[in-house]
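Commentary on secondary and tertiary structure
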Amino acid sequence: MRKYIIKRIMLSVLILFCATFVIYIVLRCLPGNYVETMAIQLSTKPGAKSFEEWMAQLSATYGLDKGPIAGYFVQIGNMLKGNFGDSWRWTVPVIEKFNDVIWLSFVMGAIAFVLELIIAIPLGVIAATKQYSRADYAITAGALVGISLPTFFFATLLKLVFSVHLGWFDISGLVGRNHAQLDAMGQLFDKAHHLVLPIVTLVIISIGGLMRYTRTNMLEVLNSDYIRTARAKGLSEKKVIYHHAFRNTLIPLVTIVGGSLPGLFSGALITETLFSIPGIGYTSYHSMVVGDIPFSMFYMTFMAILTLSGNLIADILYAVVDPRVRIA
């Protein structure tokens, strides 16, 4: 196990190196960036230097005067030293801004993820054990609706119904108008109230795929020879399903759980932007729009690390879920 983990970590470092290089090159090749916008603004002031002079000065300040490869090694060298620079868009250190917004996204993602597991997995099992019944058709139809609905459409629909027509929730934002006048507990509930619709959006658009995945794998296991043998031995249907079949269904589900790790920290870019929730998704979107290379580079590198870590955790969990699996 130790040798396997070390080998996977070394491979992950190599993949991370390649991923960060691609990320940096893509960011450098974007048609517009914050430096150009700033140079345009400064050059339009009375008596200011020309756009070209401002571009040369600002590019030297931000290290963009070097070639892409040289600039990448300068960037990666600073990152290895823990120096991620200052965000061009937010004018504060990248780490400071990241720490301010990441935990809100993590809370939203964690709540949505737990609700997704609680809802999707049991419904998928029910649909498989009652194949071709009304319950199966209803669950399958609901899953297909969840898969088919675009995030922006469903979020807009929720705001139209519950914010515009019913008035139960504010249409956007994290706090209400009277947030400053509330006590500590009132402010907490005010924020929780504003997170209801974003979390519902995240849950609904996610459970469809997991329900279908659970149903498909459960049906495959229920048709296995050892399940028929267990039933022939006289075991109760409840024990056959939840002790023998469900445990083997968990093996492919571990991949989904491990792959969901980045989602807990990455935030939902579309959802947070539509509801104006100042999480990491909302922040990274506005950073990328203006070409904020330091923050975007850090954010996507962080996502790459989480993805690689999630895959490693999923591989290790295989041996925990199924004793037949041994990593050698």
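See the structure printed just above.
Notes on the structure follow.

The rules behind each value
Residues numbered from 1 in each chain as written. Predicted model: local features only at pLDDT ≥ 70, side-chain atom pairs only at ≥ 80, totals over all residues. Heavy atoms only, no water. Axes fitted to C-alpha atoms, helices over the stretch in contact; angles between N-to-C directions. Helix = DSSP H or I, 4+ residues; strand = E, 2+ residues; numbered from the N terminus. Parallel < 35°, antiparallel > 145°, perpendicular 65-115°, else oblique. Contact = heavy atoms within 4.5 Å. Nonpolar A, V, L, I, M, F, W, Y, C, P; charged D, E, K, R; others polar. Phe/Tyr/Trp six-rings, centres within 6.5 Å; stacked < 30°, edge-to-face > 60°. Buried < 20%, exposed > 50% of the residue type's maximum accessible area, 1.4 Å probe, protein only. Lys NZ or Arg CZ within 6 Å of the ring centre and 35° of its normal. Salt bridge = Lys/Arg side-chain N within 4 Å of Asp/Glu carboxyl O. Expected span 1.5 Å × (residues − 1). Bend = angle between axes of the 7 residues up to and from the residue. Left-handed = near helix turned anticlockwise from the far one by under 90°. Core = buried A, V, L, I, M, F, W, Y, C linked by side-chain atoms within 4.5 Å.

To continue, consider the packing of helix 5 (residues 94-129) against helix 14 (residues 280-289). Remark: helix 5 packs on helix 14, axes separated minimally by 7 Å, with the N-to-C direction vectors making an angle of 135 degrees. Our classification of the angle between helix 5 and helix 14 gives oblique. Touching Lys97, Phe98, Val101, Ile102 and Ser105 of helix 5 are Ile280, Gly281 and Thr283, all from helix 14. For the contact of helix 5 with helix 14, the residue count by class is 4 nonpolar, 3 polar and 1 charged.

Counting across every chain of the model gives 12 aromatic pairs. Ring centres 5.4 Å apart and planes at 70 degrees place the aromatic pair Tyr72 and Phe73 in the edge-to-face group. In this structure Phe73 comes out as partly exposed when scored by relative accessible area, which is 47%. Through pairs of rings, three or more aromatic residues link up here, namely Phe17, Phe21, Tyr24, Tyr72 and Phe73. For the cation-ring pair, Lys97 lies above Trp90, with the distance from its terminal atom to the ring centre recorded as 4.3 Å. Here Lys159 stacks its cationic end above the ring of Phe275, 5.5 Å away from the centre of that ring.

With that settled, consider the pattern of salt bridges. Using the criterion set out here, one finds 2 salt bridges in the structure. A salt bridge links Asp136 to Arg215; its shortest N-O distance comes to 2.8 Å. With a gap of 79 residues between them, Asp136 in helix 6 (residues 134-148) and Arg215 in helix 9 (residues 196-222) connect regions that are remote in the sequence. Each member of the pair, Asp136 as well as Arg215, carries the same accessibility label: buried.

So, on to helix 7 (residues 151-165). The end-to-end C-alpha separation of helix 7 is 20 Å, in line with the 21 Å expected for 15 residues at 1.5 Å each. The sharpest bend along helix 7 reaches about 25 degrees and sits at Lys159. Within the sequence span of helix 7, burial applies to Thr151, Phe154, Ala155, Leu158, Lys159 and Ser163. In this structure, the buried residues of helix 7 make contact with helix 9 and helix 13 (269-274).

Once that is clear, we can look at the packing of helix 7 against helix 9. The contact between helix 7 and helix 9 brings their axes to 10 Å, and the two run at 140 degrees. The orientation of helix 7 with respect to helix 9, classified from their angle, is oblique. As for the relative orientation of helix 7 and helix 9, their crossing is right-handed in sense. On helix 9, the residues touching Thr151, Phe154, Ala155, Leu158, Phe162 and Ser163 of helix 7 are Leu197, Val200, Thr201, Ile204 and Ile205. When its residues are assigned to classes, the contact of helix 7 with helix 9 shows 8 nonpolar, 3 polar and no charged.

Of all hydrophobic cores here, the largest spans 36 residues; its most connected members are Leu195, Met218, Leu222 and Ile277. At the level of elements, helix 5, helix 6, helix 7, helix 9, helix 10 (225-232) and helix 11 (237-259) are the ones that each hand at least two residues to this core. The greatest single-element share of this core, amounting to 11 residues, is contributed by helix 9. Counting residues in each nonpolar core, the second largest holds 29 residues, with Leu42, Met55, Phe84 and Ile102 among its members.

Within the secondary structure, Val203 sits in helix 9. When the C-alpha positions of Val203 and Leu115 are compared, they lie 6.8 Å apart, and in sequence the two are 88 residues distant. Setting aside its immediate chain neighbours within four residues, Val203 contacts Ala112, Leu115 and Ile119.

Here the focus is helix 9. A rise of 1.5 Å per residue sets the reference length of helix 9, with its 27 residues, at 39 Å; its end C-alpha atoms lie 37 Å apart and thus fit the reference within 8%. Along helix 9, the largest kink reaches about 30 degrees and is centred on Ile207.

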